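Observations on chain architecture
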Amino acid sequence: MTLLSIEEPETKSDSAIWHKQHPVWGLGFRPFYLLAACFSALSLPLWIAQYLGWFSAWPQVTAAWHMHEMIFGVVIAVIIGFLFTAGRNWTGLPTPTNLHLAGLACWWLIGRVAMLAAPPSLAALVDLSFLPLAAWPIYRVLKQSGNKRNMFLIMLLALLTVANAIFHAAVLNLITLNPALPIHAAILIVVVIESVIGARVIPMFTQNGVPGVIPVAYPWLNRSAITAVVIASLASISPLPSALTASLCAGAGCTVLARFALWQPHRTLGTPLVWILHLSYAWIPLGFFMLALSAIGLIPSSAAWHALTVGSMAGLILGMMTRTTLGHTGRLLKTGHAELAMYLLIQTGAVARVTASLGAPALYQVSLIVAMLCWSSAFLLFVIAYGPYLLRARVDGREG
């Protein structure tokens, strides 16, 4: 069979990036993936430099800023970019493009600048408005198409907005609360999204991408795993007895691990585009086991939260960003050295960050710097390798 040669299309000379017809505004994943990766690569070194006393120009760069921006900056941008793209596939209806998409992307960027440099009350207003503005088009197409299966995502986006509002209220001293608590709640909401979407797509991608592998998925086990994750998540942010919280978190870890094992992750090692999803997903049960141990005081809770964020979220983000970018720009679902380097870097960074929390104090700073370098290098490599794909039209001439 003869393979057709696919060449990069040339962008029209009148389609500058600020023009509404530029390819970057063709579908939601394009600007939001690129912005999230750029911000992720830059913001973590800024935080580490401030934390270690190497840099002090921006007093807003605190631990609270770091936690907030990783979730409500980076992760939310990727979620919205994914949902704008998937929502069109799920419903056959248009999601934001052109000026609408450009406006939302600019508002997200303004929010990041505001969180860094604006007065806290103004930053809160700008930042809080983004999620409702971005969630409304998703709700509209789901409602219009009668797509009830995915309507739960709107509820979870609403809960993320509530968590964000509580965070800002705590920072502004409007309520007496540790700002870390709503951030932890937001992390667990994202873990629920990962658990549901991952259970849908990872077995399918495995079966399609790895010849001879047929993952086993039992509906009752899927429901049990999601229920266990939700219950354990609620317990983790509630003032329950530590033994009960530990039991619920350990139970969630066991249930998710049982479901995950049926997907045959060990048979995906020759396919990086698939094993990155499996390996990243494996951090979810590990994270809940760590939450169980932290609940009874055996390990610092920081290890558990970073297992869920750096290991699971960042790994799944890179795995899904590379896959969806390739697919939705008309390219083959094929990885090379750049993708392999990204995946290995982010997983090495996850191990280093968890080690920083669990290891000897003398190794903390070194592990922290290694984790930062791996994280930033992975996302910077995505920008370098995938930026041209995101900024150019589809190679197959289709819209998107």
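Preceding this section is the structure that the text describes.
Nothing here was measured: the structure is a model prediction, and the numbers come from that model. (Residues numbered from 1 in each chain as written. Predicted model: local features only at pLDDT ≥ 70, side-chain atom pairs only at ≥ 80, totals over all residues. Heavy atoms only, no water.)

Remarks on the overall build of the protein chain
Helix and strand counts for the protein chain come out as twelve helices and zero strands. Ordered by position in the sequence, the α and β elements of the protein chain form the string α-α-α-α-α-α-α-α-α-α-α-α. The globule rule puts the C-alpha radius of gyration for 400 residues at 21 Å, and the 21 Å found for the protein chain is close to it. Evaluated residue by residue, the protein chain yields a buried proportion of 54% over its 400 residues. Here the contacts in the protein chain between residues at least 6 apart in sequence split such that 77% fall between residues at least 24 apart. Accessible area of the protein chain: about 17,600 Å², with a carbon and sulfur share of 69%. Averaging the coordinates of the 20 positive side-chain charges in the protein chain and doing the same for the 10 negative ones gives two points 12 Å apart. (Helix = DSSP H or I, 4+ residues; strand = E, 2+ residues; numbered from the N terminus. Rg over C-alpha atoms; globule rule 2.2 N^0.38 Å. Buried < 20%, exposed > 50% of the residue type's maximum accessible area, 1.4 Å probe, protein only. Contact = heavy atoms within 4.5 Å. Areas by Shrake-Rupley, 256 points an atom, 1.4 Å probe, with all protein chains shown as cover. Lys, Arg positive; Asp, Glu negative; His and termini not counted. Charge placed at Lys NZ, Arg CZ, Asp CG, Glu CD.)

Observations concerning the pattern of salt bridges
Overall, the coordinates contain three salt bridges when judged by the stated rule. In this structure, Glu 69 and Arg 112 form a salt bridge, with 2.6 Å as the shortest nitrogen-oxygen distance. One end of the pair, Glu 69, is in helix H2 (residues 63–91); the other, Arg 112, is in helix H3 (residues 98–117), and 43 residues separate them in sequence. For Glu 69, a relative accessible area of 0% translates into the label buried. Asp 396 is the salt-bridge partner of Arg 394, the closest N and O atoms lying 2.6 Å from each other. One continuous salt-bridge network, built from bridges that share partners, spans Glu 69, Arg 112 and Asp 127. (Salt bridge = Lys/Arg side-chain N within 4 Å of Asp/Glu carboxyl O.)

Quick notes on the side chain of Thr 309
One can find Thr 309 in helix H10 (residues 301–328). A distance of 2.8 Å separates a polar atom in the side chain of Thr 309 from the backbone oxygen of Trp 305. Not counting the four nearest positions on each side in its chain, Thr 309 is found in contact with Ile 71, Ile 187 and Ala 314. (Polar contact = N/O pair within 3.5 Å; in protein donor to acceptor, adjacent residues only side chain to side chain.)

As for the nonpolar core
Phe 32, Phe 72, Ile 80, Leu 160, Phe 288, Phe 379 and Phe 382 are the most contacted members of the largest nonpolar core, which has 120 residues in total. For this core, the element with the most residues is H2, which contributes 15 residues. In this view, Phe 382 contacts Tyr 33, Ala 37, Leu 318, Met 321, Thr 322, Thr 325, Met 342, Gly 387 and Leu 390; residues no more than four positions away in its chain are not counted. (Core = buried A, V, L, I, M, F, W, Y, C linked by side-chain atoms within 4.5 Å.)

Focus on the packing of aromatic side chains
Evaluation of the coordinates by the stated rule reveals 14 aromatic pairs. Where Tyr 218 meets Trp 220, the ring centres are 6.1 Å apart and the plane angle is 25°; that geometry is what we call stacked. You can call Trp 220 exposed: its relative accessible area is 51%. Centre to centre, the rings of Phe 382 and Tyr 386 are 5.0 Å apart; their planes meet at 10°, and the pair counts as stacked. You can see Phe 382 and its partner Tyr 386 sitting in helix H12 (residues 361–391), four residues apart, about one turn around the helix. By relative accessible area, Phe 382 is classed as buried at 0%. By the ring-pair criterion, three or more aromatic residues cluster together here, those being Phe 32, Phe 84 and Phe 130. Directly above the aromatic system of Phe 205 lies the positively charged group of Arg 323, at a separation of 3.9 Å from the ring centroid. Lying over the aromatic face of Tyr 389, Arg 331 brings its terminal NZ or CZ to 3.9 Å of the ring centre. (Phe/Tyr/Trp six-rings, centres within 6.5 Å; stacked < 30°, edge-to-face > 60°. Lys NZ or Arg CZ within 6 Å of the ring centre and 35° of its normal.)

Some points on the packing of H10 against H12
Packing of H10 against H12 brings their axes to within 11 Å, and their N-to-C directions diverge by 15°. When the axes of H10 and H12 are compared, the pair comes out roughly parallel. Judged by the sense of rotation from one axis to the other, the crossing of H10 with H12 is left-handed. Of H12, the residues touching H10 (which contributes Val 310, Ala 314, Ile 317, Leu 318, Met 321, Thr 322, Thr 325 and Leu 326) are Trp 375, Ala 378, Phe 379, Phe 382, Tyr 386, Tyr 389 and Leu 390. (Axes fitted to C-alpha atoms, helices over the stretch in contact; angles between N-to-C directions. Parallel < 35°, antiparallel > 145°, perpendicular 65-115°, else oblique. Left-handed = near helix turned anticlockwise from the far one by under 90°.)

Considering helix H7 (residues 219–236)
When the terminal C-alpha atoms of H7 are compared, their 26 Å separation across 18 residues agrees well with the 26 Å that a helix rising 1.5 Å per residue should span. Restricting attention to buried positions, one finds in H7 the residues Leu 221, Asn 222, Ala 225, Ala 228, Val 229, Ala 232, Ser 233 and Ala 235. All buried residues of H7 lie within an arc of 160° about the axis, which places them on one face of the element. Of the exposed residues in H7, those oriented more than 90 degrees away from the buried face are Trp 220, Arg 223 and Leu 234. Buried residues along H7 sit against helix H6 (180–209), helix H8 (242–261) and helix H9 (272–295). (Expected span 1.5 Å × (residues − 1). Arc of directions from axis to C-beta.)

Here we look at the side chain of Arg 259
One can find Arg 259 in helix H8. No salt bridge is formed by the buried Arg 259. Its closest oppositely charged neighbour is Glu 194, at 9.5 Å. One polar contact links Arg 259 to Tyr 281, side chain to side chain, over a distance of 2.4 Å. Here Arg 259 is in contact with Ser 195, Ala 199, Leu 221, Asn 222, Ala 225, Ile 226 and Tyr 281, once residues within four sequence places are set aside.

Description of unusual backbone geometry
At Asn 98, a position not held by glycine, the phi torsion is positive, near 50°. By the element assignment, Asn 98 lies in helix H3. Look at Asn 98 and you get partly exposed, because its relative accessible area is 27%. Its identity is not glycine, yet Gln 264 carries a phi of approximately 60°, on the positive side. Here Gln 264 lies in the loop between H8 and H9. Overall, Gln 264 belongs to the buried group, its relative accessible area being 16%.

Everything listed is a geometric property; what it means functionally is a separate question.
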